[in-house]
Amino acid sequence: MHELFFYFSFFGFSCGFSMSFINFLCCLYRYSFKRAKHLSIIMVREKDVCWEYAEKLEGNKVRCKFCFRVLNGGISRLKHHLSRLPSKGVNPCSKVRDDVTDRVRAIISSKDDGKETSSAKKQKLIEVKSPLNIPSTKTLMSVEATSSPVAKYFPSITTLGSAPVNDQENAERSIALFFFENKLDLSVARSSSYQLMIDAVGRCGNGFRGPSAEALKTAWLERIKSEVTLQSKDIEKEWATTGCTIIAETWTDNKSRALVNFLVSSPSRTFFHKSVDASSYYKNIKCLAELFDSVIQDFGPENVVQIIVDNTLNCTGIVNHILQNYGTVFVSPCASQCLNAILEEFSKVDWVNRCILQAQAISKFIYNNSSMLELMKKFTGGQEIIKTGITKSVSSFLSLQSMLKQRSRLKHVFNNPDFSANSAYSTKPQSLTCIGIIDDSDFWRAVEECVAVSEPFLKVMREVSGGKPAVGFIYELMTRAKESIRTYYIMDEIKCKTFLDIVDKKWQNNLHSPLHSAAAFLNPSIQYNPEIKFIASIKEDFFRVLEKLLPTPELRRDITNQILLFQRATGMFGCNLAKEAIDAVPPGLWWEQYGDAAPTLQRVAIRILSQVCSTCTFERHWSTFQQIHSEKRNKIDKETLNDLAYIYYNLKLGKSLKSKSLESDPIQLDDIDMTSEWVEEIETPSPTQWLDRFGSALDGSDLNTRQFGSSIFGASDHIFGL
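Calculation notes
- Residues numbered from 1 in each chain as written.
- Predicted model: local features only at pLDDT ≥ 70, side-chain atom pairs only at ≥ 80, totals over all residues.
- Heavy atoms only, no water.
- Core = buried A, V, L, I, M, F, W, Y, C linked by side-chain atoms within 4.5 Å.
- Buried < 20%, exposed > 50% of the residue type's maximum accessible area, 1.4 Å probe, protein only.
- Helix = DSSP H or I, 4+ residues; strand = E, 2+ residues; numbered from the N terminus.
- Contact = heavy atoms within 4.5 Å.
- Salt bridge = Lys/Arg side-chain N within 4 Å of Asp/Glu carboxyl O.
- Expected span 1.5 Å × (residues − 1).
- Polar contact = N/O pair within 3.5 Å; in protein donor to acceptor, adjacent residues only side chain to side chain.
- Pairing = 2+ DSSP bridges.
- Axes fitted to C-alpha atoms, helices over the stretch in contact; angles between N-to-C directions.
- Parallel < 35°, antiparallel > 145°, perpendicular 65-115°, else oblique.
- Phe/Tyr/Trp six-rings, centres within 6.5 Å; stacked < 30°, edge-to-face > 60°.
- pLDDT = per-residue confidence, 0-100.

Engineer: Give a description of the nonpolar core that names residues and reports values.
Structural biologist: Membership of the largest hydrophobic core comes to 101 residues, with the highest contact counts inside it found for Phe346, Leu400, Phe414, Phe457, Met478, Trp591 and Leu601. The dominant element in this core, judged by the number of residues it contributes, is helix H20 (residues 441-465), at 12 residues. With sequence-adjacent residues up to four places away left out, Trp591 is seen in contact with Leu522, Pro524, Phe566, Phe573, Leu601, Gln602, Ala605, Ile606 and Leu609. Ranked by size, the runner-up nonpolar core spans 44 residues in total, among them Trp239, Val309, Cys334 and Tyr646.

Engineer: An account of the pattern of salt bridges is requested, with residue identities and associated values reported.
Structural biologist: All chains considered together, the criterion is met by 22 salt bridges. A salt bridge links Arg462 to Glu455; its shortest N-O distance comes to 3.5 Å. Accessibility expressed as a relative area gives 21% for Arg462, which makes it partly exposed. When its relative accessible area of 28% is taken as the criterion, Glu455 is described as partly exposed. With its nearest N and O atoms 2.7 Å apart, the salt bridge here joins Lys497 to Asp501. Remark: Asp501 and Lys497 occur in helix H22 (residues 493-511); sequence separation between them is 4 residues, near one turn of the helix. Members of the salt-bridge network, linked through shared partners, are Glu455, Arg462 and Asp665.

Engineer: Can you tell me about helix H6 (residues 167-181), naming the residues and giving the values?
Structural biologist: Between the first and last C-alpha of H6 there are 21 Å, a value that for 15 residues agrees with the 21 Å anticipated at 1.5 Å per step. Those residues of H6 that fall on the buried side of the exposure criterion are Asp167, Gln168, Asn170, Ala171, Ser174, Ile175, Leu177, Phe178 and Phe179. Just downstream of H6 lies Lys183, where phi reads positive at about 55°.

Engineer: Before we move on, can you summarise unusual backbone geometry with the specific residues and values?
Structural biologist: The phi angle at Asp558 is positive, at roughly 70°, despite the residue not being glycine. Its location among the elements puts Asp558 in the loop between helix H25 (535-549) and helix H26 (559-567). Here Asp558 falls in the partly exposed class, since its relative accessible area comes to 42%. Positive phi outside glycine occurs at Ala569, with the angle close to 55°.

Engineer: Please set out the environment of Ser537 residue by residue, giving values where relevant.
Structural biologist: Tracing the backbone shows Ser537 in helix H25. Along the sequence, Ser537 and Ser517 sit 20 residues apart, while their C-alpha atoms lie 9.0 Å from each other. A distance of 2.7 Å separates the side chain of Ser537 from the backbone oxygen of Phe534, its partner in a polar contact.

Engineer: Help me get a handle on the pairing of strand E6 (residues 270-277), residues and values and all.
Structural biologist: In this sheet, E6 lies alongside strand E5 (residues 258-265) in antiparallel orientation, the contact comprising 7 bridges. Bridging across to E6, Asn261 finds its partner in Ser275. Count of turn residues in the E5/E6 antiparallel hairpin: 4 residues.

Engineer: I'd like to hear about the pairing of strand E2 (residues 61-64), residue by residue, with values.
Structural biologist: Residues Val62 and Cys64 point to one face of E2 and are all buried, whereas Lys61 and Arg63, pointing to the other face, are not buried. Hairpin connection of strand E1 (residues 54-56) to E2: 4 residues between the antiparallel strands, including Gly59 at a positive phi of 70°. Judged from the 3 bridges that link them, E2 and strand E3 (residues 70-72) form a sheet pairing that is antiparallel. Looking at the pairing, Arg63 lines up with Val70 of E3. Here E2 folds back onto E3, and the loop between the two strands holds 5 residues, one of which, Phe68, carries a positive phi near 65°.

Engineer: Requested: an account of the sheet that holds E2, with residues and values cited.
Structural biologist: An order of E1-E2-E3 is seen for the 3 strands of this open sheet, with the pairing classed as antiparallel. The open sheet has two edge strands, E1 and E3, and neither has a second partner. Each neighbouring strand pair of the sheet contributes to a mean axis angle of 30°, computed without reference to strand direction.

Engineer: Account for the sheet that holds E5, naming residues and giving values.
Structural biologist: Strand-to-strand pairing in sheets goes through backbone hydrogen bonds, with the strands running parallel or antiparallel. Taken in spatial order, the 5 strands make up an open sheet running E6-E5-E4-E7-E8, and their pairing is mixed. Both edges of this open sheet fall to E6 and strand E8 (330-333), since each of them pairs with a single strand only. Strand after strand, the sheet turns through a mean of 25° between neighbouring axes, direction not considered. Sheet topology places strand E4 (residues 244-252) next to strand E7 (residues 304-309); 5 bridges connect them, and they run parallel. In the sheet register, Ile247 faces E7, and the bridge partner there is Ile308.

Engineer: Outline the side chain of His516, supporting the account with residue identities and numerical values.
Structural biologist: Inspection of the secondary structure puts His516 in helix H23 (residues 514-522). With a relative accessible area of 1%, His516 lands in the buried category. Aside from chain neighbours lying at most four places away, what touches His516 is Val471, Ile474, Tyr475, Leu511 and Cys613.

Engineer: Describe the packing of helix H15 (residues 392-405) against helix H16 (residues 407-415), with residues and values.
Structural biologist: Orientation of H15 relative to H16, taken along the N-to-C sense of each, is 70°, at an axis distance of 4 Å. One way to sum up the angle between H15 and H16 is to call them roughly perpendicular. Facing Met403, Leu404 and Lys405 of H15, the residues of H16 in contact are Arg407, Arg409 and Leu410.

Engineer: So what's going on with the packing of aromatic side chains? Residues and values would help.
Structural biologist: Summed over the entire model, instances satisfying the criterion amount to 27 aromatic pairs. Between the aromatic rings of Phe566 and Trp591, the centroid separation amounts to 4.8 Å while the plane-to-plane angle is 50°, which identifies the pairing as tilted. One end of the pair, Phe566, is in helix H26; the other, Trp591, is in helix H28 (residues 587-594), and 25 residues separate them in sequence. Residue Phe566 is classed as buried on the basis of its relative accessible area of 0%. Given the relative accessible area of 0%, Trp591 is considered buried.

Engineer: Please give an account of the confidence of the model for the chain that cites residues and values.
Structural biologist: Within the chain, residue pLDDT values average 78, and 75% of them lie at 70 or more. Looking across the chain, the model is least confident in helix H33 (residues 705-712), with a mean pLDDT of 31, and most confident in helix H29 (residues 599-609), with 96. Low pLDDT, under 50, characterises residues 33-46; the stretch is placed with 39 contacts to residues that sit more than four places away or in other chains. For residues 683-722, every residue scores under 50 in pLDDT, and the model assigns this stretch 75 contacts once sequence neighbours within four places are set aside.

In structure tokens form, the structure reads like this:
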């Protein structure tokens with residue numbers, strides 16, 4: 001029972017609580033138990049419909065038609081691949097359409113083993129006569145049908161005494177009503193806790209009633225918060241060895257509001273600590289210094305290796321205060337923000353900007369015409385031609401990459417007879433513009449150039465944005481990215497200088513840190529790589545870092561000999577196991593295993609190489625924290641919202657940790673932003689904007705108990721409604 005409430009609470013904190021959810025639970029009961037007690041149904045099965053999504057290969061292998069991955073195990077493994085649910089060790093499909101995922105999940109969850117009939121040969125349900133003596137012409141509505149406003153207009157469609165509607169369909173219908181009534185983001189259905197909750201409800205049996213809104217807000221909120229806090233306490237034990245990084249993320253607006261989120265990161269994972277409203281003292285260095293002092297004390301100055309501040313907060317006064325008062329703590333810039341600034345400057349180069357605008361003209365024309373969108377997906381196999389990244393600039397270059405891959409298919413779309421024959425869009429002025437761009441070889445050469453220039457820096461951003469300790473690689477990655485530009489523009493000095501000047505300016509002014517140099521020096525994959533030429537240039541930074549971390553002569557005793565042992569690969573540093581592990585394990589772990597001959601240097605190396613170098617771990621939604629810190633909310637509201645944000649963000653961070661093995665792209669979002677410059681026409685409203693006007697839960701005025709639930713779980717709140 002605890003397992004059920006646990007999953008229920010996870011889902012409930014994201015979705016809220018309503019009468020339609022009771023209908024949803026009841027339908028789950030009916031689906032799980034009604035057949036066993038009242039019906040004996042024989043299914044006439046036809047060929048598995050999932051074969052339309054796969055190509056059969058030799059033996060028991062199949063190829064997914066969406067991502068073209070070859071799977072062993074036949075149609076069963078394909079279903080789990082398309083469902084995007086973690087099961088059977090099958091990697092989820094990154095290209096499958098949402099409607100296919102929903103259909104396959106329904107097949108898997110049913111008792112029919114995924115066998116459905118075609119539209120021409122529907123399943124025949126042979127029902128054993130019900131013991132109830134009810135006329136077949138009379139329809140009886142379930143009791144729950146009158147329990148909510150939604151049920152009044154959309155009553156249960158179960159019929160007793162005649163052939164009933166499939167229980168699965170009835171359950172799905174109630175789930176759909178629950179989503180629609182509560183204005184939930186449909187991507188919630190992809191959440192792992194969503195299916196876990198449904199499974200737990202199905203196992204619970206008849207008579208189970210879901211927890212009330214009050215129970216969710218009090219008992220279960222406190223219980224799950226305690227469980228999350230307990231996890232963080234377990235991680236704190238490693239700080240004595242690895243140290244930790246405090247991450248400060250800042251949001252400001254033109255109304256002088258300023259919010260600061262604090263997170264703490266170590267090799268095992270990153271945890272959200274708290275959110276602070278600093279609006280009243282954002283420009284006051286003394287008050288900000290006291291805020292950072294309190295956070296450092298929360299984690300222990302002896303455990304903190306570095307503090308990462310984003311560009312908004314990277315003011316000289318705060319940096320100087322930390323460096324002067326905490327001798328062994330470094331202050332570093334956010335690598336992701338600096339890389340994004342580089343890509344943003346790239347996009348401002350005249351010919352690059354012109355290329356992006358031309359590509360956007362194509363995508364806007366396609367995505368604002370349903371027939372064109374359908375035609376495009378027919379040629380691309382259901383794949384999108386644009387991508388949404390974690391920032392505007394990342395989205396632009398990811399979209400250019402995607403369109404370049406779909407180049408031949410896009411040409412087929414505009415040269416297809418179906419396009420020419422449909423006057424609804426073929427005669428529009430935008431159509432002629434798109435055809436001209438598609439057929440322009442100069443445009444595609446510009447796209448290829450944009451992709452070649454941006455991809456090395458997108459690669460660096462992927463490495464530093466995944467929440468893993470990447471401080472030992474950032475220096476090498478940036479060096480290689482610059483070399484790729486020199487190589488690509490070996491015959492064009494002007495363009496080469498244009499892009500390298502942008503990189504060097506951002507690198508020197510924003511990104512470079514002595515800690516990055518020291519980490520590169522201590523990284524065995526760099527130190528022992530004969531192709532690396534910059535070791536000598538970073539040695540001075542390395543010695544400066546050593547003096548900071550080992551401030552007294554006693555601590556530095558024998559450190560020179562230990563450095564030589566490492567550089568010359570003497571003893572354990574040079575054993576075969578150590579050489580083989582260089583590229584197999586993180587550098588911090590490598591030092592832990594093979595650095596015993598240099599104990600002082602080993603301790604320093606582990607602490608340096610165990611740190612992250614970016615604040616960007618997942619998409620942030622600041623409207624949540626605006627709501628938390630609203631002046632119109634009373635103390636109880638703020639405490640509850642703070643707890644909800646604490647749970648949500650830590651669950652999100654935990655999920656991002658688990659998804660690393662699933663080939664997810666840390667700089668790309670799952671869904672396309674339908675309000676971005678790649679989709680939305682300026683003169684027409686977004687097709688999703690009506691949802692934004694659906695409620696006013698963010699105004700902070702609804703403080704009574706009945707309205708409090710809708711305020712927390714309002715559609716406009718990005719943390720719970722995206």
